[in-house]
Amino acid sequence: MTNILVKEKSIVVPGEVLAEGMDYLPGFGTYRDNNKIITSRLGIIIVDGRALKIIPVTGSYNPKQHDTIIGKVVDVTMSGWRINTNSAYTAMLMLKDGSSEYIARGADLTSYYNLDDYVVCKIIKMTSQRLIDLTMKGPGLKKLTGGRIINVNPYKVPRIIGKQGSMVTMIKSATGCQIIVGQNGRIWLNGSPEEEALAVQTLKKIESESHHKGLTDKIKIYLEKKTGKKIEQIDNRNQEQGDSNQKFAKPSQEFKGERK
Amino acid sequence: MSYDKRHDGRKDNEMRPIEAKTGVIPNAVGSAYFKIGNTEAYAAVYGPRDLYPRFLQDPAKGLLRCNYNMMPFSGMGNRVRPGTNRRSKEISMVTKNALNPVVDLHEFPNAVVDVFIELPQTDAGSRCAGICAASMALADAGIQMKDLVAAISVGRVDNKIVVDLDYKEEAYDGPVADIPIAMVPSTGEITLLQMDGEVSKKQLMEGLELAKEALAEISEIQKKALKDKYNVVGEKK
């Protein structure tokens with residue numbers, strides 16, 4: 001007889017017994033010990049059909065294929081650039097993936113991306129030993145100039161982006177900042193100092209309250225109070241109308257990074 | 001005069017009051033605070049991050065590195081000379097060995113997870129407090145682990161078997177044995193067992209039984225502390 005011993009969507013800690021019996025399967029962040037399913041990560045428990053899985057809430061960034069991240073150039077080599085990914089592993093941006101324009105052989109690579117430059121890039125491949133290949137070819141992938149970078153917990157990035165980008169779109173229109181969110185927890189902001197300060201405050205608020213319910217509404221009220229302007233309910237279908245700077249429509253399922 | 005009654009009025013199987021918190025160091029990926037009586041331990045976890053020198057790298061799995069440090073003012077009046085010494089090196093090593101059986105670093109080849117344990121105040125049982133704090137901090141850092149490790153010291157003071165000795169008891173004028181124990185509560189696996197002093201086999205077994213009960217209690221406190229960070233007061237998740 002199987003029964004789940006914890007409440008769904010509650011916080012579970014390593015070593016906690018989730019279920020007994022063979023009817024459920026251990027998913028991500030859990031393991032089976034005889035007839036028990038036990039947590040192996042701090043996170044929120046989700047029952048997905050027959051599988052029990054954990055959505056982690058803390059940790060440093062763990063690179064994944066197809067993630068759009070904000071990287072920092074740490075080395076320029078013969079064949080490309082070495083990029084810091086805000087994780088334990090640096091990534092390689094090869095010459096052929098370096099830009100959508102043609103880069104001649106023997107060209108000065110620092111004229112494209114120099115040391116300490118920040119770039120929006122996408123992970124195209126990762127091996128078991130965490131050798132990472134990046135690309136800069138694609139919509140929204142570019143070198144970042146101006147603005148500022150802040151770091152947030154990478155596991156809170158989905159809350160910052162919101163459903164179909166609703167949260168970040170709201171912050172963008174309320175503050176007037178340009179914002180790009182990388183999956184690795186780096187966020188780029190560009191606007192006037194006051195706009196940037198408000199956006200940073202809002203992002204930090206989201207980060208610290210990310211596990212509350214009805215967060216988007218809360219942030220909406222917060223932004224309305226701070227800016228003194230009324231914010232219309234965000235509707236993604238009409239996103240382009242209200243925001244003339246918006247170059248790209250809604251972020252696709254595959255393209256998780258937010259951009260403007 | 002024999003030691004019939006504990007000097008602070010505790011029962012034989014009673015620990016000093018425990019306080020535990022997580023997320024106390026914002027800069028760290030994961031952190032925890034563990035206080036038992038007057039012994040306080042802070043643990044901070046950094047990483048996974050890249051590991052140098054390169055010969056230390058293991059392409060099969062990540063490395064766990066622990067660092068135990070008593071602060072200069074943490075002792076009983078005398079200044080503890082800062083920096084590593086033979087004692088802290090050994091404790092760092094046994095802490096690592098106590099935690100390694102539960103953490104799984106296969107996700108992080110060639111990388112390292114650093115655990116720093118700092119003790120601002122000590123009153124015996126510091127390696128146990130350090131291990132308790134470190135295992136909470138590792139969980140808070142999102143590291144994959146089988147279970148949390150709990151640790152406590154038991155021992156013999158004169159002819160009494162007691163749990164969680166403080167400094168006064170360790171320094172008792174008579175036969176004393178101090179046995180720090182770390183255990184994985186769910187499996188009963190012992191990951192640290194040291195001894196200083198003299199005990200009979202019977203006394204040791206008696207002490208282990210006391211430790212088991214105490215460790216189950218500590219484990220609950222650790223789990224609660226980890227959950228408390230996310231369960232905001234006045235709001236039901």
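Residues numbered from 1 in each chain as written. Chains lettered and ligands numbered in written order. Predicted model: local features only at pLDDT ≥ 70, side-chain atom pairs only at ≥ 80, totals over all residues.

1. A closer look at the overall build of chain A
Our working definition: In this text, helices come from DSSP runs of H or I with a minimum length of four residues, and strands from runs of E with a minimum of two, each type numbered from the N-terminal end. Working definition of burial: number of other C-beta atoms within 10 Å of the residue's own, with buried at 20 or more, exposed at 12 or fewer, and partly exposed in between, all C-beta atoms being placed from the backbone. Contact between residues is assigned whenever the C-beta positions, reconstructed from backbone atoms, fall within 7 Å.
Within chain A, the regular secondary structure consists of five helices and 17 strands. Across the 260 residues in chain A, those meeting the buried criterion constitute 39%. Looking at chain A alone, contacts between residues at least 24 apart form 55% of all its contacts between residues at least 6 apart.

2. Observations concerning the packing of helix H1 (residues 86-99) of chain B against helix H2 (residues 126-140) of chain B
Residues and elements named next belong to chain B. Counted only if it meets this: In this description, a line fitted to the C-alpha atoms serves as the axis of each element, helices being fitted only across the stretch in contact, and the angle between N-to-C directions of two axes falls anywhere from 0 to 180 degrees. Orientation is classified from the angle alone, with under 35 degrees giving roughly parallel, over 145 giving roughly antiparallel, 65 to 115 giving roughly perpendicular, and any other angle giving oblique. With the far helix as reference, a near helix turned anticlockwise by less than a right angle produces a left-handed crossing, and one turned clockwise produces a right-handed crossing. Gly is put with the polar residues, along with every residue not named as nonpolar or charged; the nonpolar set is Ala, Val, Leu, Ile, Met, Phe, Trp, Tyr, Cys and Pro, and the charged set is Asp, Glu, Lys and Arg.
Following both chains from N to C, one finds H1 and H2 inclined at 45°, their axes separated by 10 Å at the closest point. Between H1 and H2, the angle is such that the two are oblique. In this structure, the crossing between H1 and H2 has a hand that is right-handed. Each of Ile91, Val94, Thr95, Ala98 and Leu99 in H1 lies in contact with H2, whose residues at this interface are Arg127, Gly130, Ile131, Ala134, Ser135 and Leu138. The residue makeup of the contact of H1 with H2, split by class, is seven nonpolar, three polar and one charged.

3. Considering the environment of Lys72(A)
Residue and element names in this part refer to chain A. Tracing the chain through its elements places Lys72 in strand S9 (residues 68-76). Between the C-alpha atoms of Lys72 and Asn86, which are 14 residues apart in sequence, the distance is 8.4 Å. Residue contacts for Lys72: discarding those within four places in its chain leaves Ile83, Asn84, Asp116 and Tyr118.

4. Here's the deal with the sheet that holds strand S8 (residues 51-56) of chain A
Residue and element names in this part refer to chain A. In plain terms, the rule: For two strands to count as paired, DSSP must find a minimum of two bridges between them.
Taking strand neighbours across the sheet as the criterion, the four strands line up as S2-S7-S8-S4 in an open arrangement whose pairing is mixed. What marks the edges here is a single partner per strand, and that holds for strand S2 (11-12) and strand S4 (25-26). Summarising the sheet, S4 and S8 pair through two bridges and their orientation is parallel. Bridging across to S8, Pro26 finds its partner in Leu52.

5. Considering the sheet that holds strand S2 (residues 30-36) of chain B
All names here are of chain B. Read across the open sheet, the five strands follow the order S1-S2-S3-S5-S4; overall the sheet is mixed. Lying at the two open borders of the sheet, with one neighbouring strand each, are strand S1 (18-22) and strand S4 (63-70). Taking each pair of neighbouring strands and ignoring which way they run, the sheet shows an average axis angle of 15°. As defined by bridge partners, S2 adjoins strand S3 (residues 39-50) across seven bridges and the pair is classed as antiparallel. Counted as the bridge partner of Ile36 is Thr39 from S3. Across the sheet, H1 lies against S4 and strand S5 (111-121), angled at about 140° from S4, the strand it touches most. Packed onto the sheet, H2 meets S1, S2, S3, S4 and S5 and runs at close to 150° relative to S2.

6. A word on the interface of chain B and chain A
Contacts between the two partners involve 29 residues from chain B, matched on the other side by 20 residues from chain A. Contributing elements (two or more residues each) for the side of chain B that touches chain A: S3, H2 and helix H4 (201-228) of chain B. Per-element tally for the side of chain B that touches chain A: the top contributor is S3(B), with four residues. Residues that form the side of chain B that touches chain A fall into these classes: twelve nonpolar, seven polar and ten charged.

7. Section: the packing of helix H2 (residues 166-175) of chain A against helix H4 (residues 215-227) of chain A
Residue and element names in this part refer to chain A. At their nearest, the axes of H2 and H4 sit 11 Å apart, and the two run at 5° to each other. In terms of axis orientation, H2 runs roughly parallel to H4. The segment H2 lies against H4, with Ser166, Met167, Met170 and Ala174 engaging Thr216, Ile219, Lys220, Leu223 and Thr227. Taken together, the residues of the contact of H2 with H4 break down into five nonpolar, three polar and one charged.

8. Digging into the domain arrangement of chain A
For the record, the criterion: Domain start and stop positions are those given by an automatic or database domain assignment.
Domain annotation of chain A identifies domain 1 (3-56), domain 2 (68-144) and domain 3 (148-242). Using only C-alpha atoms to locate each centre, domain 1 of chain A and domain 2 of chain A end up separated by 38 Å.

9. With respect to H1(B)
All names here are of chain B. Our working definition: What a helix is expected to span follows from its residue count: subtract one and scale by 1.5 Å.
Counted at 1.5 Å a residue, the expected span for H1 with its 14 residues is 20 Å, and the 20 Å between its end C-alpha atoms agrees. Listed as buried for H1 are Ile91, Ser92, Val94, Thr95, Ala98 and Leu99. Tucked into the core, H1 has its buried residues touching S4, S5, H2, strand S6 (150-157), strand S8 (176-184) and strand S9 (189-193).

10. Considering unusual backbone geometry
Put simply, Gly47(B) and Pro48(B) share a cis peptide bond, and its omega is 5°. Along the chain, Pro48(B) turns up in strand S3.

11. A closer look at H4(A)
All names here are of chain A. Operational definition: Think of it as the arc spanned by the lines of direction from the helix axis to the C-beta atoms.
The terminal C-alpha atoms of H4 lie 18 Å apart, and with 13 residues this matches the ideal 18 Å at 1.5 Å per residue to within 8%. For H4, every residue scored as buried is listed here: Ile219, Lys220 and Leu223. Taken down its axis, H4 places every buried residue within 105° of arc, on the same side. For H4, the exposed residues set more than 90 degrees away from the buried face come down to Asp217, Ile221 and Lys225. Where H4 is buried, its residues touch H2 and helix H3 (193-208). Directly after H4, the chain includes Gly228, whose backbone phi takes a positive value near 70°.

12. Description of the nonpolar core
All names here are of chain B. Our working rule: Note on terminology: a nonpolar core is a set of buried residues of type Ala, Val, Leu, Ile, Met, Phe, Trp, Tyr or Cys, with members joined through C-beta atoms within 7 Å.
Ala43, Val45, Ala133, Met136, Ala137, Leu138 and Ile152 are the most contacted members of the largest nonpolar core, which totals 128 residues. It is H2 that provides the largest number of residues to this core, a total of ten residues. Not counting the four nearest positions on each side in its chain, Ala137 is found in contact with Gly30, Ser31, Ala32, Ala43, Ala44, Val45 and Val115.

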